[in-house]
Amino acid sequence: IYSRHYHLGWLQDLVFRYLRAFHNRTTGTLVATEDLRGRLQELGFNNVKILGRGVDNQLFAPERRCATLRKRWGLSDGDLAILYVGRLAPEKNVPLAIAAYRAMQRSGASVKLILVGDGPMRTALQREHPDLIFAGLQTGEELARHYASADIFLFPSGTETFGNVTLEAMASGLVVIAYDYAGAKTHVRHKVTGVLVPYGESQNFVAAAIRIALDRPSLHRIRGQAREYATSIDWTGVVRTFD
């Protein structure tokens, strides 16, 4: 999939055959979700096993919300910080996150989009959207502070095997809006711990973003439930399942 985004689609079949042959010579291939295991098995991969993902819910936590950071972003208490975390690269579908944000603006919601991360698209995106906040690469406690200081997390990528940022956002008490596949499909319950959109339906993604931005009671409820769920999937529990 990634090869198509970098104009190397002609190599896709060759690379795929090599990877399948390589993995089928090993004792086993570990994947993060049942969905991915099923897809790989259909494609001829053998001995595919699941090792789930967890999240550090002490590092990523709502308590790290920072009024100073939100003020730097130009937000008041009643405003919504819309967050994207990830590479600013073609395969991440960042323009859809920006389109959803623009639609929220047009709907009358008081919002600001913050993009955390770096990549080959950053310069062009900053030039085209000078009003957005480009926070650059963040790690550790600073990354956790950026998560917790936001309200809605947009995850428009359609090329993930899991998407760790989904769990980090949920642990931080954000409403995740994502396509119904990969890690989001495993961990998000629609309208309970986040918002799921049928895979590839960009218009529905945008519509979902508008709805949650205008529905403060649902926003508040889902944020709390997302955090509660995330506390049950720390790494200690995941490691115990690995033998």
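Read on for a plain summary of the structure. Because the structure is predicted, anything quoted here is derived from the model rather than measured.

### Some thoughts on the overall build of the protein chain
Assigned secondary structure in the protein chain consists of 12 helices and eight strands. For the protein chain, the C-alpha radius of gyration of 18 Å lies close to 18 Å, the compact-globule estimate for 243 residues. Counting the 243 residues in the protein chain, one finds 49% classified as buried. Restricting to contacts in the protein chain with at least 6 residues of sequence separation, those with at least 24 account for 64%.

### A short note on the nonpolar core
If you look at the biggest cluster of nonpolar residues, it comprises 37 residues, and the most contacted ones within it are I82, L115, I152, L154, I177 and F205. Every element with two or more residues in this core is listed here: β3 (80-85), α5 (94-106), β4 (111-116), β6 (152-155), β7 (175-179), β8 (195-197), α10 (202-214) and α11 (216-230). At eight residues, the largest contribution of residues to this core is made by α5.

### Notes on the pattern of salt bridges
Throughout the structure, instances matching the rule amount to eight salt bridges. In this structure, the salt-bridge partner of D118 is R122, at a minimum N-O distance of 3.7 Å. Residue E142 is joined to R145 by a salt bridge in which the shortest nitrogen-to-oxygen separation is 2.8 Å. Placement of the pair is E142 and R145 together in helix α7 (residues 140-148), with a separation of three residues, close to one helical turn.

### Description of the packing of aromatic side chains
The description of an aromatic ring pair rests on the distance of the ring centres and on the angle between the ring planes. Taken as a whole, this structure holds seven aromatic pairs when the rule is applied. Through successive ring pairs, a cluster of aromatic residues spans F60, Y147, F153 and F155.

### Re the pairing of β7
Of all five residues in β7, five are buried; the element is thus mostly enclosed. Direction of pairing for β6 relative to β7: parallel, over a ladder of four bridges. Opposite F155, over in β7, you have A178 as the bridge partner. As paired elements, β7 and β8 share three bridges and run parallel to each other. Residue Y179 lies in a different strand from β8, and its bridge partner there is V197. Crossover β7 to β8 through helix α9 (residues 182-187) is right-handed.

Criteria and cut-off values
- Counting restarts for each chain, with residues numbered from 1 along the sequence as it is written.
- At least 70 in pLDDT is required for a residue's local features to be given in this predicted model, at least 80 for side-chain atom pairs to be given and counted, and no such filter applies to totals for whole chains, interfaces and linings, which use all residues.
- Side-chain measures here rest on the full set of heavy atoms in the structure, leaving out hydrogens and waters.
- The way it works is that DSSP assigns letters per residue, a run of H or I at least four long becomes a helix, a run of E at least two long becomes a strand, and they are numbered from the N terminus.
- As a reference, a globule follows 2.2 Å times the number of residues to the power 0.38, and the radius of gyration itself is taken over C-alpha atoms.
- Burial classes follow relative accessibility: with a 1.4 Å probe on protein chains only, a residue under 20% of its type's maximum area counts as buried, one over 50% as exposed, and anything between as partly exposed.
- Whether two residues touch is decided by their heavy atoms; if any such pair falls within 4.5 Å, the residues are in contact.
- Only buried residues count toward a nonpolar core. Its members are Ala, Val, Leu, Ile, Met, Phe, Trp, Tyr and Cys residues joined through side-chain atoms within 4.5 Å.
- Should a side-chain nitrogen of Lys or Arg be within 4 Å of a carboxyl oxygen of Asp or Glu, the pair is scored as a salt bridge.
- Classification of ring pairs rests on two measures: the distance between centres of Phe, Tyr or Trp rings, Trp counted by its six-membered ring, which must be within 6.5 Å, and the angle between planes, read as stacked under 30 degrees, edge-to-face over 60 and tilted in between.
- Paired strands, in this sense, are two strands between which DSSP finds at least two bridges.
- Here, the term right-handed applies to a crossover whose path from the first strand over the helix to the second runs clockwise when the strands point away from the viewer.

That's the geometry; what it means functionally is another story.
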